[in-house]
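An overview of the molecular structure
As a plain string of letters, each chain reads:
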Amino acid sequence: MPSPRLLKGRWSQLRNVYAITTVTHQRHRHFDDPAHAAVIVAGLRWIQQEGRCLNLAWAVMPDHVHWLMQLRSGTLAASVQMMKSRCSRLIGIDGPLWQRGYHDHAVRCDESLKNQALYIAANPVRAGLAALLGDHPFAWCRWFDRMP
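Residues numbered from 1 in each chain as written. Predicted model: local features only at pLDDT ≥ 70, side-chain atom pairs only at ≥ 80, totals over all residues. Heavy atoms only, no water.

Turning next to the sheet that holds strand β4 (residues 103-107). Read from one edge of the open sheet, five strands run β4-β1-β3-β2-β5, paired in antiparallel fashion. Of all the strands in the sheet, just β4 and β5 (139-141) have a single pairing partner and so form its edges. Strand-to-strand twist in this sheet, taken as the mean axis angle between neighbours without regard to direction, amounts to 20°. On the sheet, helix α2 (residues 76-91) packs against β1 (17-23), β3 (64-71) and β4 and is oriented at approximately 135° with respect to β3. Running over the sheet, helix α3 (residues 110-126) touches β1, β2 (53-60), β3, β4 and β5 and is turned about 150° from β3. (Pairing = 2+ DSSP bridges. Helix = DSSP H or I, 4+ residues; strand = E, 2+ residues; numbered from the N terminus. Axes fitted to C-alpha atoms, helices over the stretch in contact; angles between N-to-C directions. Contact = heavy atoms within 4.5 Å.)

So, on to the confidence of the model for the chain. For the chain, per-residue confidence averages 90 on the pLDDT scale, and residues scoring 70 or more make up 90% of the total. Looking across the chain, the model is least confident in α3, with a mean pLDDT of 91, and most confident in helix α1 (residues 34-49), with 98. (pLDDT = per-residue confidence, 0-100.)

So, on to the nonpolar core. Ile20, Phe31, Ile40, Val60, Trp67, Met69 and Trp98 are the most contacted members of the largest nonpolar core, which has 28 residues in total. Mapped onto this core, the elements with two or more residues apiece are β1, α1, β2, β3 and α2. Take this core: its biggest share by element is seven residues, from α1. (Core = buried A, V, L, I, M, F, W, Y, C linked by side-chain atoms within 4.5 Å. Buried < 20%, exposed > 50% of the residue type's maximum accessible area, 1.4 Å probe, protein only.)

Further remarks concern unusual backbone geometry. One non-glycine residue, Gln26, lies in the positive phi region at around 55°. Considering the arrangement of structural elements, one finds Gln26 in the loop between β1 and α1. Among the residues examined, Gln26 registers a relative accessible area of 68% and is labelled exposed. One non-glycine residue, Arg27, adopts positive backbone phi at about 50°. Within the secondary structure layout, Arg27 lies in the loop between β1 and α1.

Okay, here's the thing in C-alpha cells:
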C-alpha cells in the first residue's frame, strides 16, 4: 500500500515536466527479461503517441522505471495509470506487476531538468547494467547523442 504522503501536494499541470519513478510489485525483477523491458519502452512511446505527454528520458531498470516527461493532456495520474495498465496487460504475468502508486517530482527549472535527465540516463551505469551512458538498450534521453 503506498504511503498517503505520496499523494500530499500532488497536482497536474499541462506543459509541466515530471520525473516519475514506479516500482514493480514486491520489487520483483520482471524487467531483467528483455521482452518485458521492451514492453515498458513500447508503453512509454504509446503514451506519447496518444498525445498524453512528450517523453524526455526513461530508464527501465530490473524492478522499477524512471520516466521524465512533459504532460500534454489529461492528468499525471491518468497518464501513469494508462502506461502501467497497458504494460501489465501486455506482459501478462500472474498477479500484479506494479506496486500501487508512484513517486513524482515536478521539475521547475532548466538546470533541474538537465540534472533529472542525467540522473535517469546514468541510472543503468550506476547499477552496473551498462558500462557507458547510452549503452543500456532500455534507457533513452533526448539530449544525449549516444542514446537510441
